[in-house]
Amino acid sequence: MADYSEIFNEISELLQKGKARDIVPAVQKALDAGAEPADILQDALMAGMNIIGGKFKRNEVFVPEVLIAARAMNKATEALKPALAKAGVAPVGKAIICTVKGDQHDIGKNLVKMMIEGKGIEVEDLGIDVDTQVVVNKVKESDAKVLCLSALLTTTMTAQKEVIDALTNEGVRNKVKVMVGGAPVTQSFADEIGADAYTPDAATAAEVCRAYYD
Ligand code: B1M
């Protein structure tokens, strides 16, 4: 089996340094060399992001460094998108995704979106820091079957509950399956707030989401 560790390390280093311009050709180089897109995502990009995350936690890097790394991550995942989403068939249905109110983290959300699109589902992305009422209004007007809520902060995961409660109060809870995720979210939290599904990562989210359309 081919060894991609050198190019994966290079991509991880570029991500950590926030080299958004250089990371795209490096990702392309890995693809051209035959590396699996899922491995580039996991073993190069997520690996680099985890290193940055650890340094952030230990106060070895600060918000600006993390922001430029995040920008490089988003560029790199965009470059991976065609390879990841190779289904290329007519969409089987629609889903809505957003990062909840108060939360500006979008890398995980973008990955989940990309993987769901790869399963042939059209995804309407409401963005980050999305007001609960905006989500409810979108569910009302859209024919989406699934709503995906991302939260990365312990202080914002409660907004996932707010959305579910608001959907119930406005009589549209049964219109969509609500899927929740994000680093602090757990299965027991999802059960507690009445979500339909919790998934720990983007690939599982896409699988579970796709099953709602079968
Ligand atoms: Co933030 N941040 N951050 N940050 N940041 C974390 C989350 C933190 C754990 C860092 C730390 O202290 N170790 C910590 C949270 C602590 C907590 O609440 N428990 C934290 C903090 C404290 C903060 C600020 C408060 C810092 C400050 O200002 N003092 C601030 C808050 C801003 C806000 O949102 N209001 C803040 C800001 C930022 C930046 C803006 C600098 C930047 C975000 C840039 C961006 O997203 N464009 C940032 C980043 C990058 C991180 C870390 C380093 C990386 C997050 C990430 O993108 N991971 C993060 C530390 C860490 O996680 N190691 C951290 C990669 C991504 C692919 O993983 O998002 O978990 P993740 O998504 C996964 C799964 O969770 C799942 O699938 C994805 C892929 O497999 N998933 C879903 C995610 N959403 C899903 C939805 C689904 C299903 C699955 O729906 C169905």
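Please read all numbers here as calculations on a predicted model, not as lab measurements.

## Considering the site of the ligand
Neighbouring the ligand are 34 residues; Gln104, His105, Asp106, Ser150 and Thr154 lie closest to it. Take Gly102: an N or O atom from its main chain is 3.0 Å from a nitrogen atom of the ligand. Between Asp106 and the ligand, the recorded distance is 2.7 Å, taken from a backbone N or O atom to an oxygen atom. Looking at the shell around the ligand, the elements with two or more residues in it are α3 (37-57), α4 (63-84), α5 (107-117), β3 (146-150), β4 (177-181) and α9 (202-211). Sort the elements by how many residues they give to the shell around the ligand and α3 lands first, with five residues. Of the residues in the shell around the ligand, the class split is 20 nonpolar, 10 polar and four charged. Viewed by domain, the shell around the ligand spans two of them, domain 1 (5-86) and domain 2 (93-211), each represented by three or more residues.

## Some details on the coordination of the cobalt atom of the ligand
What the protein offers the cobalt atom of the ligand as a donor is a single atom, His105 (NE2), at 2.2 Å. Position of His105 relative to the elements: it lies in the loop between β1 (93-99) and α5.

## Quick word on the nonpolar core
Counting residues in each nonpolar core, the largest one holds 43 residues, and the members touching the most others are Phe8, Ile11, Ile23, Ile40, Leu45, Leu80 and Ile116. Contacts of Ile40, omitting those with residues within four sequence positions, involve Phe8, Ile11, Val27, Ala30, Leu31, Ala35, Leu45 and Leu80.

## Comments concerning the domain arrangement of the protein
According to the domain assignment, the protein consists of domain 1 (5-86) and domain 2 (93-211). A straight line from the C-alpha centre of domain 1 to that of domain 2 covers 25 Å. The interface is formed by 11 residues belonging to domain 1 together with eight residues belonging to domain 2. A buried area of about 790 Å², summed over both sides, lies between domain 1 and domain 2, and 76% of it is on carbon and sulfur atoms. If you sort the residues of domain 1 by the area they bury against domain 2, Asn74, Lys81 and Leu84 come out on top, with a joint share of 47%.

## What about the sheet that holds strand β2 (residues 121-125)?
Spatially, the five strands line up as an open sheet ordered β2-β1-β3-β4-β5, and their pairing is parallel. Edge positions in the open sheet fall to β2 and β5 (197-198), since each of these has one partner strand only. Pairing geometry for β3 and β4, over five bridges, is parallel. Note that in β4 the partner of Cys148 across the bridge is Met179. Against the sheet, helix α7 (residues 158-169) contacts β3 and β4, and its axis sits at roughly 150° relative to β3.

## Describing the packing of helix α1 (residues 5-16) against helix α2 (residues 20-32)
At a minimum axis separation of 10 Å, α1 and α2 run at an interaxial angle of 165°. Relative to α2, α1 is oriented roughly antiparallel. The two elements α1 and α2 cross, and the hand of that crossing is left-handed. Contacts between α1 and α2 pair Ile7, Phe8, Glu10, Ile11, Leu14 and Leu15 from the former with Asp22, Ile23, Ala26, Val27, Lys29 and Ala30 from the latter. Of the residues that constitute the contact of α1 with α2, the class distribution is nine nonpolar, no polar and three charged.

## Looking at a nonpolar patch on the surface
Where nonpolar side chains cluster on the molecular surface, the patch consists of Phe56, Val63 and Leu67 and spans about 280 Å² of accessible area. Among the structural elements, Phe56 can be located in helix α3. Of the residues examined, Phe56 reaches a relative accessible area of 36% and is grouped as partly exposed.

## Overview of the packing of aromatic side chains
Throughout the structure, instances matching the rule amount to one aromatic pair. Ring centres of Tyr4 and Phe8 lie 5.9 Å apart, and the angle between their planes is 25°; this geometry places the pair in the stacked category. Each member of the pair, Tyr4 as well as Phe8, is classed as buried.

## Brief notes about the pattern of salt bridges
In this structure the tally under the stated criterion is 14 salt bridges. Across the salt bridge formed by Glu10 and Lys29, the nearest N and O atoms sit 3.2 Å from each other. Of the two residues, Glu10 is situated in helix α1 and Lys29 in helix α2; the sequence distance between them amounts to 19 residues. Judged by relative accessible area, Glu10 falls into the partly exposed class, the value being 33%. Its relative accessible area of 45% is what places Lys29 among the partly exposed residues. For Arg210, the salt bridge is made with Asp214, and the minimal N-O distance between the two is 2.5 Å. Overall, the relative accessible area of 23% leaves Arg210 in the partly exposed class. For Asp214, a relative accessible area of 73% gives the class exposed. Salt bridges here are not isolated pairs; linked through shared partners, they connect Lys109, Lys113 and Asp125.

Cut-offs used in this document
Residues numbered from 1 in each chain as written. Predicted model: local features only at pLDDT ≥ 70, side-chain atom pairs only at ≥ 80, totals over all residues. Heavy atoms only, no water. Near = heavy atom within 4 Å. Polar contact = N/O pair within 3.5 Å; in protein donor to acceptor, adjacent residues only side chain to side chain. Helix = DSSP H or I, 4+ residues; strand = E, 2+ residues; numbered from the N terminus. Nonpolar A, V, L, I, M, F, W, Y, C, P; charged D, E, K, R; others polar. Domains from an automatic or database assignment. Donors = N, O, S within 2.8 Å, 3.2 Å for Na, K, Ca; no water. Core = buried A, V, L, I, M, F, W, Y, C linked by side-chain atoms within 4.5 Å. Buried < 20%, exposed > 50% of the residue type's maximum accessible area, 1.4 Å probe, protein only. Contact = heavy atoms within 4.5 Å. Buried area = accessible area lost by both parts, 1.4 Å probe. Pairing = 2+ DSSP bridges. Axes fitted to C-alpha atoms, helices over the stretch in contact; angles between N-to-C directions. Parallel < 35°, antiparallel > 145°, perpendicular 65-115°, else oblique. Left-handed = near helix turned anticlockwise from the far one by under 90°. Patch = residues over 30% accessible without salt bridge, like charges linked within 9 Å, V, L, I, M, F, W, Y side chains within 5 Å. Areas by Shrake-Rupley, 256 points an atom, 1.4 Å probe, with all protein chains shown as cover. Salt bridge = Lys/Arg side-chain N within 4 Å of Asp/Glu carboxyl O. Phe/Tyr/Trp six-rings, centres within 6.5 Å; stacked < 30°, edge-to-face > 60°.

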